[in-house]
Amino acid sequence: MENKNKEINELLVRLNEESLQDYKIVDFWEADTTAIGIQIGNNLIYISTFNYERTYKYNVIIEKYDTGEIIEEEKEYIYNELIEIIQKIKK
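For clarity, every value in this text was computed on a predicted model and none was experimentally measured.

Caption draft 1: Summary view of the nonpolar core. Membership of the largest hydrophobic core comes to 21 residues, with the highest contact counts inside it found for L15, I45, I47, Y58, L82 and I86. Contributions of two or more residues to this core are made by α1 (6–17), β2 (35–40), β3 (43–48), β4 (58–64) and α3 (79–90). If one sorts the elements of this core by residue count, α3 sits on top with six residues. Dropping the residues within four chain positions of it, I45 is found in contact with I36, G37, I38, I40, V60, I61, I62, L82, I85, I86 and I89.

Next comes the structure, spelled out in structure tokens:
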């Protein structure tokens, strides 16, 4: 995505290479070059790479897509943990 930083774009490439299905990339934060969302059903996974260069972890918040209700407060995850979260939500 043109308006996103290198880490978000690399994440999107890696996600595309996974055997994940039934998710949609959403971008409600066009001005935030470090954030992207993944919609799975009625869930939204907000992913930020704001501190990625220092921690090599993604900041993740999980919420209800239609209401914004927080399901899981912000936590840091490495890539493999993020994939596990996506797979868990899909079930």
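Caption draft 2: Broad picture of the side chain of N5. Within the fold, N5 resides in the segment before α1. By relative accessible area, which is 17% here, N5 ends up buried. A polar side-chain atom of N5 sits 3.2 Å from a polar atom in the side chain of E7. Those residues in contact with N5 that lie beyond four places of it in its chain are T33, T34 and T49.

Caption draft 3: Representation of the packing of α1 against α3. At a closest axis distance of 12 Å, the pairing of α1 and α3 adopts a crossing angle of 55°. With respect to α3, the element α1 is oriented oblique. Seen from above, α1 lies across α3 with right-handed handedness. Contact residues: L11, R14 and L15 in α1; Y79, L82, I83 and I86 in α3. Of the residues assigned to the contact of α1 with α3, the class counts are six nonpolar, no polar and one charged.

Conventions we followed
Residues numbered from 1 in each chain as written. Predicted model: local features only at pLDDT ≥ 70, side-chain atom pairs only at ≥ 80, totals over all residues. Heavy atoms only, no water. Core = buried A, V, L, I, M, F, W, Y, C linked by side-chain atoms within 4.5 Å. Buried < 20%, exposed > 50% of the residue type's maximum accessible area, 1.4 Å probe, protein only. Helix = DSSP H or I, 4+ residues; strand = E, 2+ residues; numbered from the N terminus. Contact = heavy atoms within 4.5 Å. Polar contact = N/O pair within 3.5 Å; in protein donor to acceptor, adjacent residues only side chain to side chain. Axes fitted to C-alpha atoms, helices over the stretch in contact; angles between N-to-C directions. Parallel < 35°, antiparallel > 145°, perpendicular 65-115°, else oblique. Left-handed = near helix turned anticlockwise from the far one by under 90°. Nonpolar A, V, L, I, M, F, W, Y, C, P; charged D, E, K, R; others polar.

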